[in-house]
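# Report on the structure
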Amino acid sequence: MPKVNIQSETNLSAQEAYEKVKDLLNNDAGLKKLDPKYACDFDDASLSGNANGKMFKAAMKVSEKGSGSSVEIIVDLPLKFALAKGMVKSTLEKKLIKILG
């Protein structure tokens with residue numbers, strides 16, 4: 001499976017960034033449109049989570065970095081979607097920039 005690695009840094013605390021990314025993954029209409037059957041599972045204590053669906057799998061982890069935090073999302077795409085790798089990466093990066101300020 002081709003992997004897409006998205007990393008974003010923010011001045012928000014790790015907890016604030018985690019809550020924003022958790023909300024994005026749970027409620028973003030665009031993501032649900034791509035795979036209406038995907039479901040998220042979060043571990044609030046470790047500031048991490050997973051999304052699993054028919055079209056993709058993703059793992060998310062937020063960690064403290066300096067006075068802010070770092071968000072990493074790794075998406076596993078089926079081989080048939082390998083050509084969409086760049087589009088997936090740019091779309092998620094734009095969404096993260098928007099919510100993390």
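Residues numbered from 1 in each chain as written. Predicted model: local features only at pLDDT ≥ 70, side-chain atom pairs only at ≥ 80, totals over all residues. Heavy atoms only, no water.

Now for the pairing of strand β4 (residues 57–65). The pairing of strand β3 (residues 48–52) with β4 spans 5 bridges and is classified as antiparallel. When the sheet's bridge partners are listed, A51 is paired in β4 with A58. In this sheet, strand β5 (residues 68–76) lies alongside β4 in antiparallel orientation, the contact comprising 9 bridges. Within β5, the residue paired with E64 across the bridge is S69. Here β4 folds back onto β5 in antiparallel fashion, the turn holding 2 residues, of which G66 has a positive phi close to 60 degrees. (Pairing = 2+ DSSP bridges. Helix = DSSP H or I, 4+ residues; strand = E, 2+ residues; numbered from the N terminus.)

Time to look at the sheet that holds β4. On the basis of which strands lie adjacent, the open sheet formed by 5 strands has the order β1-β5-β4-β3-β2 and antiparallel pairing. The two strands at the open ends of the sheet, each matched to only one other strand, are β1 (3–10) and β2 (39–43). Sheet twist, expressed as the average angle between the axes of neighbouring strands with direction ignored, equals 15 degrees. Contacting β1, β2, β3, β4 and β5, helix α1 (residues 14–27) runs over the sheet at an angle of about 165 degrees to β4. Packed onto the sheet, helix α3 (residues 85–100) meets β1 and β5 and runs at close to 20 degrees relative to β1. (Axes fitted to C-alpha atoms, helices over the stretch in contact; angles between N-to-C directions. Contact = heavy atoms within 4.5 Å.)

Here the focus is the packing of α1 against α3. At a minimum axis distance of 10 Å, the contact between α1 and α3 shows a crossing angle of 130 degrees. Put simply, α1 runs oblique to α3. Handedness of the crossing formed by α1 with α3: right-handed. Seen from α1, the contacting residues are A17, K20, V21 and L24; seen from α3, they are K95, L96, I99 and L100. (Parallel < 35°, antiparallel > 145°, perpendicular 65-115°, else oblique. Left-handed = near helix turned anticlockwise from the far one by under 90°.)

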